[in-house]
Amino acid sequence: MTVMKTMNRIYLSSPHMSDEGYEMEYVKEAFDTNWIAPLGMNVNGFEKELALKVGTKAAAALSSGTAALHLALKAAGVGAGDIVFCQSLTFSATANPIIYQNAIPVFIDSDYETWNMCPEALEEAFIKYPEVKAVIVVHLYGLSADLDRIMGICKRYNVTLIEDAAESLGTTYKGKQTGTFGDYGIYSFNGNKIITTSGGGMLISNDEERIAKARFWAMQSRDPAPHYQHSELGYNYRMSNVVAGIGRGQLKVLDQRVEKKRAIFEFYQQELSHLEGLSFMPTNEWNRPNYWLSTLTLKGKVQPIDVMNALETENIESRPIWKPMHKQPYFERYDFVGSNVSERLFETGVCLPSDTKVKDEELGRVVKIIRGLWK
């Protein structure tokens, strides 16, 4: 049976430009000065302003979060045959750059306390693979990992830690921004992120020399010569001046977006927590999430597919939690360390509409539909 969808669609997380028009001011400046291509005041300004916002020494504006992860691995010296520990419960963009470097991923399970990399599983992986070159931890859905324990393990083994903070810009761990704890951190400004440049990413670090090197690689590794000379392999990874202008405007409203995301989560929590078998994503006293997506898990008669189907029937977007990398057809050949936590979260999890443009009455529609499944 075909269902007629007459109500306006409620999105999971869509782009949200500022009411003040900050983005257009910077974009107009780029057009007025004819700095349309890579480089320009917006690129430099976005790097400096984001670095100041999160509290790091240096940043490189790139074409995507994936490009940022790729260059982080390259900066860490990861090469062919090297082992990289990677959180399994994540989007494939976390793992793909490991393959770009012809390295070998070993996937690490999550824990229920954070939904992120399990320190016990990480310890087990180090015992099994003491020659590991780097660790990629993810801050899933804006929830920070247990960073003190994970950093302690990495320091003990003298291994580079890379934070995939693509989903957690604006999240703090013990008062400090995620992405700034590891040797390298990355952010994504894809269209569904908490702030967006339509596409783009940022590599950050306190190692200013390595960030400068990353910028060099991102500009095709062009040597300082009057002709086109290249002594190293390069990439076309630099962010354009127009895109960076959007980012500068978006950065001005980041705090507003975080507060709206938090309000959405708290509304769902208030209206749905009483339902049997329903639990929300964990929050810890040391973690102040950006609540990029409001997520929950279900056990009992109502299953995730029931919620997603009921919402889609009413033209409301929702999605499952990420399918773990070690269960993906491409990556299943690689080793996995842990139990079945990430698999269980995938099987029982649902991401609810968390669009910062959502209206109160639309949130009311969402919770009414979900409550109806328990009747």
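Residues numbered from 1 in each chain as written. Predicted model: local features only at pLDDT ≥ 70, side-chain atom pairs only at ≥ 80, totals over all residues. Heavy atoms only, no water.

Draft legend 1. The arrangement of the overall build of the protein chain in detail. When helices and strands are counted, the protein chain shows twelve helices and 15 strands. The C-alpha radius of gyration computed for the protein chain amounts to 21 Å, which stays within 12% of the reference 21 Å derived for 375 residues, consistent with globular compactness. Along the first, second and third principal axes, the C-alpha set of the protein chain runs to 75 × 55 × 40 Å. Pairs at least 24 apart in sequence give 72% of the contacts found in the protein chain among residues at least 6 apart. Surface accessibility of the protein chain: about 16200 Å² in total, with carbon and sulfur atoms responsible for 51%. (Helix = DSSP H or I, 4+ residues; strand = E, 2+ residues; numbered from the N terminus. Rg over C-alpha atoms; globule rule 2.2 N^0.38 Å. Contact = heavy atoms within 4.5 Å. Areas by Shrake-Rupley, 256 points an atom, 1.4 Å probe, with all protein chains shown as cover.)

Draft legend 2. Region of interest: the pattern of salt bridges. Scanning the entire structure with this criterion turns up 19 salt bridges. In this structure, the salt-bridge partner of Asp335 is Lys128, at a minimum N-O distance of 2.8 Å. Placement of Asp335 in the loop between strand E13 (319-320) and strand E14 (336-337) and of Lys128 in helix H5 (residues 119-128) is noted, with a sequence separation of 207 residues between them. One salt bridge in this structure joins Glu343 and Lys327, with 4.0 Å as the shortest N-O distance. One end of the pair, Glu343, is in helix H11 (residues 341-348); the other, Lys327, is in the loop between E13 and E14, with 16 residues separating them in the sequence. Overall, the relative accessible area of 39% leaves Lys327 in the partly exposed class. Among the charged side chains, a salt-bridge network with shared partners connects Glu47, Arg215 and Arg238. (Salt bridge = Lys/Arg side-chain N within 4 Å of Asp/Glu carboxyl O. Buried < 20%, exposed > 50% of the residue type's maximum accessible area, 1.4 Å probe, protein only.)

Draft legend 3. Broad picture of a negative patch on the surface. A cluster of acidic side chains, namely Asp183, Asp207, Glu208 and Glu209, defines a negative patch on the protein surface. Among the structural elements, Asp183 can be located in the loop between strand E7 (176-177) and strand E8 (184-188). (Patch = residues over 30% accessible without salt bridge, like charges linked within 9 Å, V, L, I, M, F, W, Y side chains within 5 Å. Lys, Arg positive; Asp, Glu negative; His and termini not counted. Charge placed at Lys NZ, Arg CZ, Asp CG, Glu CD.)

Draft legend 4. A look at the packing of helix H10 (residues 304-313) against helix H12 (residues 360-372). Their axes nearest at 10 Å, the elements H10 and H12 cross at an angle of 135 degrees. It follows that H10 is oblique to H12 by the angle criterion. For the pair H10 and H12, the sense of crossing is right-handed. Taking contact as the criterion, the partners of Val307, Ala310 and Leu311 in H10 are, on H12, Val366, Ile369 and Ile370. A class-by-class count of the residues in the contact of H10 with H12 yields six nonpolar, no polar and no charged. (Axes fitted to C-alpha atoms, helices over the stretch in contact; angles between N-to-C directions. Parallel < 35°, antiparallel > 145°, perpendicular 65-115°, else oblique. Left-handed = near helix turned anticlockwise from the far one by under 90°. Nonpolar A, V, L, I, M, F, W, Y, C, P; charged D, E, K, R; others polar.)

Draft legend 5. Molecular detail of the packing of helix H9 (residues 254-272) against H12. For the pair H9 and H12, the least separation of the axes is 10 Å and the interaxial angle reads 35 degrees. Crossing angle aside, the handedness with which H9 passes H12 is right-handed. Across from Lys260, Ile264, Phe267, Tyr268, Glu271 and Leu272 in H9, the residues of H12 making contact are Asp360, Leu363, Gly364, Val366, Val367, Ile370 and Arg371.

Draft legend 6. Representation of the pairing of strand E4 (residues 134-138) in the model. Counting buried positions along E4 gives five out of five residues, so the element sits mostly inside the fold. Burial along E4 is two-sided: Ala134, Ile136 and Val138 facing one way and Val135 and Val137 facing the other are all buried. When strand E2 (residues 83-87) meets E4, the two strands line up parallel, connected through three bridges. Residue pairing for E4: Cys86 is matched across the bridge by Ile136. Across five bridges, E4 lies against strand E5 (residues 160-164) in parallel orientation. Paired with Val137 across the strands is Glu163, a residue of E5. In this fold, E4 hands off to helix H6 (residues 147-156), which returns the chain to E5; that crossover is right-handed. (Pairing = 2+ DSSP bridges. Right-handed = clockwise from strand over helix to strand, strands pointing away.)

Draft legend 7. Broad picture of the side chain of Thr160. Looking at the element boundaries, Thr160 is found in strand E5. Discounting chain neighbours no more than four positions away, the residues touching Thr160 are Ala76, Lys133, Ala134, Val135, Asp183 and Tyr184.

Draft legend 8. How the structure looks around the state of the cysteines. This model, assessed by the stated rule, comprises zero disulfides. You can see Cys86 has no disulfide; the closest cysteine sulfur is in Cys154, sitting 13 Å from it. Cys86 sits in the buried class, given a relative accessible area of 0%. (Disulfide = S-S within 2.5 Å.)

Draft legend 9. Summary view of the sheet that holds E7. With respect to topology, three strands assemble into an open sheet ordered E7-E6-E11, the strand pairing being antiparallel. In the strand order of this sheet, the two ends are held by E7 and strand E11 (287-288), each with one partner. Here two bridges tie strand E6 (residues 172-173) to E11, and the two strands are oriented antiparallel to one another. Each residue of the ladder has a partner; that of Thr172, found in E11, is Arg288.

Draft legend 10. Highlighting the packing of aromatic side chains. Using the criterion set out here, one finds 16 aromatic pairs in the structure. Geometrically, the ring pair formed by Phe265 and Tyr291 is stacked, given 4.5 Å between the ring centres and 20 degrees between the ring planes. Placement of the pair is Phe265 in helix H9 and Tyr291 in the loop between E11 and strand E12 (294-298), with a sequence separation of 26 residues. Assessed through its relative accessible area of 2%, Phe265 is described here as buried. Taken together through their ring pairs, the aromatic side chains of Phe85, Phe126, Tyr129 and Tyr157 make up a single cluster. Just above the ring of Trp217 sits the side chain of Lys74; from NZ or CZ to the centre is 4.8 Å. (Phe/Tyr/Trp six-rings, centres within 6.5 Å; stacked < 30°, edge-to-face > 60°. Lys NZ or Arg CZ within 6 Å of the ring centre and 35° of its normal.)

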